[in-house]
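Fold and contact review
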Amino acid sequence: MISTQWISIANGAGAQTDAYLALPPGGRGPALLLFQEIFGVNRHIRAVADQYAAAGYVVLAPDIFWAQEKRVELGYEGEDLPRAYAFMNGCAQDPLIADIQAYAAALRARPEISGPRLGAVGYCMGGRMAYFAAAHANATASVCYYGGRIQDNLQLAAQVKSALQFHYGSKDGMIPPEAVDAVRAAHPNADVNVYDADHGFNCWDRGTFDAPAARVALARSLEFLAEHL
């Protein structure tokens with residue numbers, strides 16, 4: 001069985017941040033940073049962490065919005081939606097990158113980690129953070145699900161040495177086809193996948209959940225991570 005707990009880790013400001021830790025059945029495994037959507041480390045993200053832990057990874061899902069409010073946990077509609085966007089817009093990029101570097105260092109230092117390699121997986125805003133982990137935290141492999149604004153940060157492409165995998169939905173109104181094309185052009189060796197699905201297709205708590213796309217994307221993600229980690 002996997003084991004889970006909330007722990008405290010150092011953030012980029014040198015303070016302490018809460019993070020959800022999921023350990024695989026064997027207790028040890030490769031390191032995997034899991035970056036949340038704009039809705040916090042909510043029950044869905046914790047379930048995704050458990051999913052990857054069951055596949056053998058030591059998964060750390062840090063509380064990204066710690067500077068604004070601890071352990072934000074939101075749903076996907078109603079009053080939670082504008083709150084989620086407000087939290088996202090309240091994150092300045094430089095402190096966010098410093099946090100990512102600190103989280104990567106904290107995970108690499110844990111005794112349960114079985115080797116030096118580190119993976120990153122992220123969804124929505126977290127997809128962009130997984131990309132930043134490739135550029136700024138020496139991640140070995142990054143998997144970016146419908147990562148918003150990655151196309152606005154492609155000046156980082158030259159410093160990305162890690163393996164990259166992207167998952168997009170062709171019906172995603174927030175990430176147009178030209179944005180996906182720009183990512184492809186900047187990273188010609190990346191594995192770029194596009195599904196007949198909308199933004200958030202992996203999240204079974206959202207109305208845009210697409211089970212076939214989510215199944216295929218997960219299988220591809222696990223195969224990609226197994227190859228590189």
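Note that this is a predicted model, so its numbers are computed, not measured.

In this fold, glutamate 79 is placed in the loop between strand S4 (58–62) and helix H2 (80–89). Judged by its relative accessible area of 71%, glutamate 79 falls in the exposed class. Linking glutamate 79 and glutamine 68, residues eleven residues apart in sequence, is a C-alpha distance of 17 Å.

Further remarks concern the packing of helix H3 (residues 93–108) against helix H4 (residues 125–136). Close contact between H3 and H4 brings their axes to 10 Å; oriented N to C, the two are set at 70°. Considering the angle they form, H3 stands roughly perpendicular to H4. Our pair here, H3 against H4, has a crossing hand that is right-handed. When H3 is examined against H4, the residues Gln93, Leu96, Ile97, Ile100 and Gln101 are found in contact with a partner set consisting of Met125, Arg128, Met129, Phe132, Ala133 and His136. Grouping the amino acids of the contact of H3 with H4 by side-chain chemistry returns seven nonpolar, three polar and one charged.

All right, on to the pairing of S4 then. Consecutive side chains of a regular strand alternate in pointing toward one face of the sheet and then the other. With respect to burial, S4 is a largely interior element, five of its five residues being buried. The alternating pattern of S4 places Val58, Leu60 and Pro62 and Val59 and Ala61 on opposite faces, both of which are buried. As judged from the four bridges shared by strand S2 (residues 16–23) and S4, these two strands associate in the antiparallel manner. Following the sheet pairing, tyrosine 20 is matched in S4 by alanine 61. The pairing of strand S3 (residues 29–35) with S4 spans three bridges and is parallel. What sits directly across from alanine 31, in S4, is valine 58. Regarding topology, helix H1 (residues 43–54) serves as the crossover connection from S3 to the parallel S4, and that connection is right-handed.

The next subject is the nonpolar core. Phe35, Tyr52, Tyr131 and Phe166 are the most contacted members of the largest nonpolar core, which has 84 residues in total. By residue number, the principal contributor to this core is H4, which donates eight residues. Those residues in contact with phenylalanine 166 that lie beyond four places of it in its chain are Tyr131, Cys144, Ile150, Val183, His187, Ala190, Asp191, Val192 and Asn193.

Time to look at the state of the cysteines. A complete count under the given rule lists zero disulfides for this structure. The thiol of cysteine 91 is unpaired, and the distance to the nearest cysteine sulfur, on cysteine 124, comes to 12 Å. Unpaired in terms of disulfides, cysteine 203 finds its nearest cysteine sulfur in cysteine 124, a separation of 10.0 Å.

We now examine H1. The first and last C-alpha atoms of H1 sit 16 Å apart over twelve residues, in line with the 16 Å expected at 1.5 Å per residue. For H1, the set of buried residues is His44, Ile45, Arg46, Val48, Ala49, Tyr52 and Ala53. The first or second residue beyond H1 is glycine 56, which carries a positive phi of 115°.

Overall, the coordinates contain eleven aromatic pairs when judged by the stated rule. By the ring-pair criterion, three or more aromatic residues cluster together here, those being Tyr123, Tyr145, Tyr146, Tyr195 and Phe201. Note that arginine 71 overlies the ring of tryptophan 6, its terminal NZ or CZ placed 4.0 Å from the centroid.

Moving on, we get to helix H5 (residues 177–186). When H5 is considered as a whole, its buried residues turn out to be Ala179, Val180 and Val183. Looking down the long axis of H5, one finds its buried residues gathered within 100° of arc, a one-sided arrangement. Set apart from the buried face of H5 by more than 90 degrees, the exposed residues are Pro177, Glu178 and Ala185. On its buried face, H5 is in contact with strand S7 (163–169) and strand S8 (191–195).

This brings us to the sheet that holds strand S6 (residues 141–145). Pairing is mixed in the open sheet, where eight strands are placed in the order S1-S2-S4-S3-S5-S6-S7-S8. With partners counted over all chains shown, the strands left at the sheet margins are strand S1 (3–10) and S8, one partner each. For this sheet, the mean angle separating the axes of adjacent strands, direction not counted, is 20°. The pairing of S7 with S8 spans five bridges and is classified as parallel. When the bridges of S8 are listed, phenylalanine 166 appears paired with valine 192. Its contacts with the sheet put H1 on S1, S2, S3, S4, strand S5 (113–123) and S6, and the angle it makes with S2 is roughly 45°. Sitting on the sheet, H5 touches S7 and S8, and the angle it makes with S8 is about 165°.

What counts as what
Residues numbered from 1 in each chain as written. Predicted model: local features only at pLDDT ≥ 70, side-chain atom pairs only at ≥ 80, totals over all residues. Heavy atoms only, no water. Helix = DSSP H or I, 4+ residues; strand = E, 2+ residues; numbered from the N terminus. Buried < 20%, exposed > 50% of the residue type's maximum accessible area, 1.4 Å probe, protein only. Axes fitted to C-alpha atoms, helices over the stretch in contact; angles between N-to-C directions. Parallel < 35°, antiparallel > 145°, perpendicular 65-115°, else oblique. Left-handed = near helix turned anticlockwise from the far one by under 90°. Contact = heavy atoms within 4.5 Å. Nonpolar A, V, L, I, M, F, W, Y, C, P; charged D, E, K, R; others polar. Pairing = 2+ DSSP bridges. Right-handed = clockwise from strand over helix to strand, strands pointing away. Core = buried A, V, L, I, M, F, W, Y, C linked by side-chain atoms within 4.5 Å. Disulfide = S-S within 2.5 Å. Expected span 1.5 Å × (residues − 1). Phe/Tyr/Trp six-rings, centres within 6.5 Å; stacked < 30°, edge-to-face > 60°. Lys NZ or Arg CZ within 6 Å of the ring centre and 35° of its normal. Arc of directions from axis to C-beta.

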